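# Commentary on secondary and tertiary structure
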Amino acid sequence: MCSTMKRILRATLFEKPTNFSVLQRFSFATDAELLDLFLPKVPVYDKELVVDGKKNIREKEQQAKEKKKDIIIKCHRPEFNHYRNQKYDKFKAIPFASKGWFHSKSIGDHFSIRIFSEDYDINNHFWDENVDDFNALKLDDLLIQALERVGFSRPTKIQADSIPVILSGKNTLIAAETGCGKTLAYLIPVIQQILKWKQASSSERQPNTPLAIVISPSRELAAQIGKVANELSHHLPFSSHVVIGGRTKQKMLHPEFKNVDLLVATLGALSKLTSTGIYNVAEVKHLILDESDTLLDDSFNELLLRYLKRFKIRYAPGHSIDRFGCQLILASATFPSNVDNLLSDFVEPGSLKKVTSKHLHRFLPHIPQTFYRIGPTQKATKILQIGKQAVKNKEPTMIFSRGCKSSTSDWISLMLNENDVPTLHLNGEMPILLRKGKFDQFRYKEFMILSCTDIVSRGMDTKHVKHVVNYDFPLYMADYIHRCGRTGRCGSSLDCRVTNFVSGKREVELVNKIEMAVRTMDVLPNVNANITRIIDNRIIKKGDNR
């Protein structure tokens, strides 16, 4: 190499200015080509060997975000988080956040469950994309027009599955999650059958002789079902009437007689009015038990089973089907696994055609829930915070306390009102008219907060409710499912949620079962409530009679 070239290279290597005029004698076309000769080249490899640190950090952050999106159970202690599609070793115990909640040191712990993501469309939970309208269910045009006039143009999934079965005449059990449209699932086919029975009949029925009866466990639910039936009766040639408890003696002394095709009633009042001959059930073709799990528990069981003996139900034990017999329909959001045993004296065990939802007895996936391990003395402060937030954001909120005649609901209302949080209270000790008035005030958003007991936890249409708070966490799984079902219903907004206060030992036991069911993607266990005790007592009695 010549001395000139060595000098240029030495200047380049030690980053000294280079006199490019020295290179004039060399054959370079431009200064750019000359610079290209001496500037260091980055080696090119088939695979990149050097990882960009910033790029690596960005990728990790993105992975963390994606992982965060897939959290199903988000815990105060992250080591107990549960992610979508996470599997557990079947030979090891499954770790879960609420396992240690029996100890007082766990107070302050919490976790939340969100199965569906925030952008999930709640309508996908209730509607069947394959069924666009009621025409596909072979309903009469007159009935379809009436449904459209009252605002129903498309059947929900449970309606699309139930209506053909009921129209076929089979005894039917409808079991599906809360708020999915079970009331219309049985009312629509029954009304269609009533219209056909009336056309086929050549003789006039006596007053107070219905063709169909709907029995409800609560006065509020009976009034709600009657309202739906009454709206349809304005557009169709059938009549409906509601009978509820309260002043029953006056109704027996001064009975009202009218032509009625569909009767909606509470069990106690209906039983008394039937026994005194004011209502004649000889012509009943359809008997519906709404919230039938409640009617079958120990609150109503004895009275219900005694009343059912008045009806000649299809597929009665030891008899063949009688097409002129009474069709039995049961509907509820929770159902005991041993319902066949309870009805074995009236219906053949295998005669009930069961129409169920895939979400039955499962954690409601579209409603995020938070569980707080909290001490009894901390509840008041927490509920006051929630109440102030509900009023500020105009967020309809239901606060549940335990029992049907508990004074806790009254105390919560009093405490919130004293702290400038307008609140209604409602429990089973109130007269029916007062209860109805308070619930209507809440329904029409005159008040944002309703402190209540389980008297309004079943069947009520509360699609405007955005937040449910279990101030007293329930002791039975069925009560938990029904309470949570007061929000996130068909037609509800997307920002619904449930907050749970957990303090007692039995409450922790139930939370353990709920969390474990979500982690294992299983059904919620033991939804029989106190029905198991009824079965046990019946078995004991049968054993004593032998």
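Model, not experiment: these values are computed from the prediction.

## Focus: the sheet that holds strand S10 (residues 353-356)
The strand order across the open sheet built from 7 strands is S6-S7-S5-S8-S9-S4-S10, with neighbouring strands paired in parallel fashion. The outermost strands of the open sheet, each flanked by one partner alone, are strand S6 (240-243) and S10. Here the strands of the sheet are splayed against their neighbours by 15° on average, with no regard to which way each runs. In this structure, strand S5 (residues 212-216) lies alongside strand S8 (residues 286-290), joined through 4 bridges in parallel fashion. Residue pairing across strands places alanine 212 opposite histidine 286, the latter belonging to S8. The strands that helix H8 (residues 219-233) touches are S5, S6, strand S7 (262-266) and S8; relative to S7, the one it contacts most, it runs at about 165°.

## Focus: the pairing of strand S11 (residues 369-373)
Looking down a regular strand, the side chains alternate between one sheet face and the other. For S11, a buried count of 4 out of 5 residues is recorded, marking the element as mostly surrounded by other parts of the structure. In this sheet, S11 lies alongside strand S3 (residues 110-113) in antiparallel orientation, the contact comprising 4 bridges. Within S11, the residue paired with serine 112 across the bridge is threonine 370. Relative to strand S16 (residues 497-502), S11 runs parallel, the two sharing 5 bridges. For threonine 370, the partnering residue across the bridge sits in S16 and is threonine 499.

## Section: the sheet that holds strand S12 (residues 397-400)
If you trace the 9 strands from one edge of the open sheet to the other, you get S2-S1-S3-S11-S16-S15-S12-S14-S13, paired in mixed fashion. Each having just a single partner strand, strand S2 (82-83) and strand S13 (423-426) make up the two edges of the open sheet. In this fold helix H15 (residues 408-418) packs onto S12, S13 and strand S14 (449-452), with an angle of close to 170° to the strand it touches most, S13. Packed on one face of the sheet, helix H18 (residues 505-519) meets strand S1 (71-75), S2, S3, S11 and S16 and runs near 145° to S1.

## Quick word on the nonpolar core
Judged by nonpolar contacts, the single largest core of 88 residues is most densely connected at Phe111, Leu139, Tyr186, Phe371, Val456, Tyr480 and Ile514. Here this core takes 9 residues from helix H7 (residues 182-200), the largest share from any one element. Apart from residues lying up to four places away in sequence, phenylalanine 371 is in contact with Trp101, Asp109, His110, Phe111, Ile113, Phe363, Phe473, Tyr480, Asn500, Val502, Val511 and Ile514. Membership of the second largest hydrophobic core comes to 37 residues, among which are Leu173, Val243, Leu328 and Leu360.

## Points about the pattern of salt bridges
Pairing between side chains becomes possible if they bear opposite charge and their charged atoms approach one another. Using the criterion set out here, one finds 17 salt bridges in the structure. Note that arginine 205 is salt-bridged to aspartate 261, the shortest N-O span being 2.3 Å. Note that arginine 205 is positioned in the loop between H7 and S5 and aspartate 261 in the loop between helix H9 (248-253) and S7, a separation of 56 residues in sequence. Exposure remark for arginine 205: the relative accessible area of 22% places this residue in the partly exposed category.

## Re the packing of aromatic side chains
When we look at a pair of aromatic rings, we describe it by the centre distance and by the angle of the planes. Tallied over the full model, the rule gives 6 aromatic pairs. When the ring of phenylalanine 473 is compared with that of tyrosine 480, the centres are 5.7 Å apart and the planes differ by 45°; the resulting orientation is tilted. As far as the burial class goes, phenylalanine 473 and tyrosine 480 line up, both buried. Taken together, the ring pairs connect Trp101, Phe111, Phe371, Phe473 and Tyr480 into an aromatic cluster. Taking the ring centre of tryptophan 197 as reference, the NZ or CZ of lysine 285 above it sits at 4.9 Å. Above the face of the tyrosine 471 ring, lysine 379 is positioned so that its terminal group lies 5.0 Å from the ring centre.

## Thoughts on helix H16 (residues 432-443)
Helix length check: H16, at 12 residues, gives a terminal C-alpha distance of 16 Å against a target of 16 Å (1.5 Å per residue), a fit within 8%. All of the buried residues in H16 are Ile432, Arg435, Lys438, Phe439, Asp440 and Phe442. Its buried side turned inward, H16 meets H8, S12, S13 and S14. Residue lysine 445 follows H16 closely and has a positive phi angle near 65°.

## Some words on helix H5 (residues 141-149)
For an α-helix, 3.6 residues make a turn, and residues three or four places apart therefore share a direction. Every buried residue of H5 is accounted for by Leu143, Ile144, Ala146 and Leu147. Around the axis of H5, the buried residues are gathered within 160° of arc, so they sit on the same side. The exposed residues of H5 that point more than 90 degrees off its buried face are Asp141 and Arg149. Check the buried side of H5 and you find it contacts H7 and H8. Remark: glycine 151 follows H5 within two positions and exhibits a positive phi of approximately 100°.

## Brief notes about the pairing of strand S9 (residues 327-332)
Across the 6 residues that make up S9, a large majority, 6, are buried. Burial along S9 is two-sided: the face carrying Gln327, Ile329 and Ala331 and the face carrying Leu328, Leu330 and Ser332 are both buried. Alignment of strand S4 (residues 172-175) against S9, held across 4 bridges, turns out to be parallel. In the strand pairing of S9, alanine 175 is matched with serine 332. Note that S8 and S9 share 5 bridges and pair parallel. Across the sheet, the residue bridging to leucine 289 is leucine 330, located in S9.

## Looking at the packing of helix H10 (residues 267-275) against helix H12 (residues 301-308)
Between H10 and H12, whose axes approach to 11 Å, the crossing angle comes to 40°. Considering the angle they form, H10 stands oblique to H12. Regarding H10 and H12, the two cross each other, and that crossing is left-handed. Counted together, Leu267, Gly268, Leu270, Ser271 and Thr274 of H10 and Leu303, Leu304 and Tyr307 of H12 form the full contact between these two elements. Looking at the contact of H10 with H12 residue by residue, the class counts come to 5 nonpolar, 3 polar and no charged.

## Description of the side chain of glutamate 220
For glutamate 220, the location among the structural elements is in helix H8. Relative accessible area serves as the criterion here: at 7%, glutamate 220 is assigned to the buried category.

Definitions and cut-offs
- Residues numbered from 1 in each chain as written.
- Predicted model: local features only at pLDDT ≥ 70, side-chain atom pairs only at ≥ 80, totals over all residues.
- Heavy atoms only, no water.
- Pairing = 2+ DSSP bridges.
- Helix = DSSP H or I, 4+ residues; strand = E, 2+ residues; numbered from the N terminus.
- Axes fitted to C-alpha atoms, helices over the stretch in contact; angles between N-to-C directions.
- Contact = heavy atoms within 4.5 Å.
- Buried < 20%, exposed > 50% of the residue type's maximum accessible area, 1.4 Å probe, protein only.
- Core = buried A, V, L, I, M, F, W, Y, C linked by side-chain atoms within 4.5 Å.
- Salt bridge = Lys/Arg side-chain N within 4 Å of Asp/Glu carboxyl O.
- Phe/Tyr/Trp six-rings, centres within 6.5 Å; stacked < 30°, edge-to-face > 60°.
- Lys NZ or Arg CZ within 6 Å of the ring centre and 35° of its normal.
- Expected span 1.5 Å × (residues − 1).
- Arc of directions from axis to C-beta.
- Parallel < 35°, antiparallel > 145°, perpendicular 65-115°, else oblique.
- Left-handed = near helix turned anticlockwise from the far one by under 90°.
- Nonpolar A, V, L, I, M, F, W, Y, C, P; charged D, E, K, R; others polar.

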